[in-house]
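Below, each chain spelled out in residue letters.
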Amino acid sequence: MEKFVKLTSTAVPLPVENIDTDQIIPARFLKAVSREGFGKNLFFDWRYDDKGNPKKDFVLNDSRFSGNILIAGKNFGCGSSREHAAWALGDYGFKVVVSSFFADIFRNNALNNGLLPVQVSDKFLSDVFSSLEKNNKQTFSVDLASQKISIDRTDFFEKFEVNGYRKTCLLNGFDTVDYLVSQKKEIEKYEVKSKFNQLIK
């Protein structure tokens, strides 16, 4: 996976609560097994009409907004456990999703695929949406090492939580196998110690 240390980017606002995984990537697009190509169908039923034409009122079709950060309403990623939702968001180009609450399964799927879910307070989320209403080119900085998200050129920032193991993987660009390989020496030391303890019993 690609390393994630710090990201500064403009953002795409989607102030809708309870966005489920079927809205993120409709079930009819789940036939593929590789992660590539899902981005074109991200939020498909919201992005396009019955004839496949872009809906002008949907934010992904609004040229005023772009960036690698998606700002979403509360309870993002609820519904079924499909990993394809994280694939679609990542393939579209998002590296961070900000919300005031994430469904647990979506959070884990996102972290497994190099997509960082940043959970903030309702107040801070409201401040983020307000800043984008005032300035669609407002940038935000997400610093994984310090676990902090900031509204650039303001005094507003907030700390966020992330699992220590997941943080290590993201900072180093590790998947599960990569992480185990990185711990090879420690594993070998443990095995030698374990065998020694068994011999002296």
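Residues numbered from 1 in each chain as written. Predicted model: local features only at pLDDT ≥ 70, side-chain atom pairs only at ≥ 80, totals over all residues. Heavy atoms only, no water.

(A) Structural view of the pairing of strand β7 (residues 148-151). In this structure, strand β6 (residues 140-143) lies alongside β7, joined through four bridges in antiparallel fashion. Following the sheet pairing, Val-142 is matched in β7 by Ile-149. Between the end of β6 and the start of β7, which pair antiparallel, lie four residues, with Gln-147 showing a positive phi angle near 55°. Both β7 and strand β8 (residues 157-159) contribute to a ladder of three bridges, which runs antiparallel. If you follow Ile-149 over to β8, its bridge partner there is Glu-158. (Pairing = 2+ DSSP bridges. Helix = DSSP H or I, 4+ residues; strand = E, 2+ residues; numbered from the N terminus.)

(B) Local environment of helix α3 (residues 84-92). Taken together, the buried positions of α3 are occupied by His-84, Ala-85, Ala-86, Trp-87, Ala-88 and Leu-89. Structurally, α3 contributes buried residues whose contacts are with α1 (21-24), β3 (69-72), β4 (96-99) and α4 (104-112). Positioned one or two residues after α3, Gly-93 has a phi angle of 130°, which is positive. (Buried < 20%, exposed > 50% of the residue type's maximum accessible area, 1.4 Å probe, protein only. Contact = heavy atoms within 4.5 Å.)

(C) Quick look at the environment of Glu-158. Position of Glu-158 among the secondary structure elements: in strand β8. Considered as a pair, Glu-158 and Val-120 are 38 residues apart in the sequence and their alpha carbons are 7.1 Å apart. Those residues in contact with Glu-158 that sit more than four places away from it in its chain are Val-120, Ser-121, Phe-124, Gln-147, Lys-148 and Ile-149. A polar atom in the side chain of Glu-158 sits 2.6 Å from the backbone nitrogen of Ser-121. (Polar contact = N/O pair within 3.5 Å; in protein donor to acceptor, adjacent residues only side chain to side chain.)

(D) Quick peek at the sheet that holds β7. Ordered by their spatial adjacency, four strands build an open sheet running β1-β6-β7-β8, and the pairing between neighbours is antiparallel. Each edge of the sheet is formed by a strand with only one pairing partner; in this case those strands are β1 (6-9) and β8. Pairs of neighbouring strands in the sheet enclose a mean axial angle of 10°, with direction left out of account. The pairing of β1 with β6 spans four bridges and is classified as antiparallel. (Axes fitted to C-alpha atoms, helices over the stretch in contact; angles between N-to-C directions.)

(E) View of the packing of aromatic side chains. Across all of its chains, the model carries ten aromatic pairs by this definition. Considering the side-chain rings of Trp-46 and Phe-58, the 6.0 Å spacing of their centres and the 65° angle between planes classify their relative orientation as edge-to-face. Within this pair, whereas Trp-46 is found in helix α2 (residues 44-47), its partner Phe-58 is found in the loop between α2 and β3, the two being separated by twelve residues in sequence. By relative accessible area, which is 9% here, Phe-58 ends up buried. Through pairs of rings, three or more aromatic residues link up here, namely Phe-29, Phe-44 and Tyr-48. (Phe/Tyr/Trp six-rings, centres within 6.5 Å; stacked < 30°, edge-to-face > 60°.)

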